[in-house]
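Notes for the structure review
Okay, here's what each chain looks like letter by letter:
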Amino acid sequence: MVFDVSVALNWILFLALFPIAFFWLRRAWRIMVKRDFSEVALKRGESPQNPARYAPFAAAINLIGGGIVVFVIFGILTARFDFETWSAIAGSTIWMKFIFDFILSRQAHPMVLKKRNKQENAAGDAGK
């Protein structure tokens, strides 16, 4: 095996799986057991109106993602997965976790269109 850029990137991906699994499983633990909803469905650093409503979904996303990453780590360490398999599972899991978190945060913070009242319209038209 020749050490080149691809080998280095593969090692970086493998080593990055450990803290990823730790943080995702810790976040699921905080949501489910400690009932800490401070990181549930954040949008621009702000919590939604009712974070407890979205907590089970955030916990499930983190628990499933962390579980899959732990499964991949054990598959690599026991040599059950070849490179293509574990890198595909790990990469897909990371991307899907980010996508589902994004979807949940947008669902928790609905877009509200502000309606201009008649006084604002009249004042705006008078100034033209």
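See the structure shown above.
Analysis parameters
Residues numbered from 1 in each chain as written. Predicted model: local features only at pLDDT ≥ 70, side-chain atom pairs only at ≥ 80, totals over all residues. Heavy atoms only, no water. Helix = DSSP H or I, 4+ residues; strand = E, 2+ residues; numbered from the N terminus. Expected span 1.5 Å × (residues − 1). Contact = heavy atoms within 4.5 Å. Bend = angle between axes of the 7 residues up to and from the residue. Buried < 20%, exposed > 50% of the residue type's maximum accessible area, 1.4 Å probe, protein only. Salt bridge = Lys/Arg side-chain N within 4 Å of Asp/Glu carboxyl O. Phe/Tyr/Trp six-rings, centres within 6.5 Å; stacked < 30°, edge-to-face > 60°.

Quick word on helix H3 (residues 83–108)
In this model, H3 (26 residues) spans 37 Å end to end at C-alpha, consistent with the 38 Å of a helix rising 1.5 Å per residue. Tucked inside the fold, the buried residues of H3 contact helix H1 (5–32) and helix H2 (51–77).

Digging into H2
Over its 27 residues, H2 extends 38 Å from the first C-alpha to the last, a length consistent with the 39 Å expected when each residue adds 1.5 Å. The sharpest bend along H2 measures roughly 25° and falls at Phe 57.

Here's the deal with the environment of Ala 58
Tracing the backbone through its elements, the reader meets Ala 58 in helix H2. When its relative accessible area of 3% is taken as the criterion, Ala 58 is described as buried. Counting along the chain gives 30 residues from Ala 58 to Ala 28, while the straight-line C-alpha distance between them is 7.5 Å. Each residue touching Ala 58, except ones within four places of it in the same chain, is listed here: Ile 31, Val 40 and Leu 104.

Details of the pattern of salt bridges
By the definition in use, this model includes three salt bridges. Measuring nitrogen to oxygen at the nearest pair gives 3.7 Å for the salt bridge that ties Glu 39 to Arg 30. The exposure class of Arg 30 is partly exposed, given its relative accessible area of 26%. Each member of the salt-bridge network shares a partner with another, and the members are Arg 27, Arg 30 and Glu 39.

What to know about the packing of aromatic side chains
Inspection of the entire model under this criterion finds six aromatic pairs. Consider the rings of Phe 14 and Phe 18, whose centres lie 5.4 Å apart with planes at 80°: the pair is edge-to-face. Taken together, the positions of Phe 14 and Phe 18, both in helix H1 and four residues apart, correspond to about one turn of that helix. Residue Phe 14 is classed as buried on the basis of its relative accessible area of 10%. Ring centres of Phe 14 and Trp 86 lie 6.4 Å apart, and the angle between their planes is 75°; this geometry places the pair in the edge-to-face category. Placement of the pair is Phe 14 in helix H1 and Trp 86 in helix H3, with a sequence separation of 72 residues.

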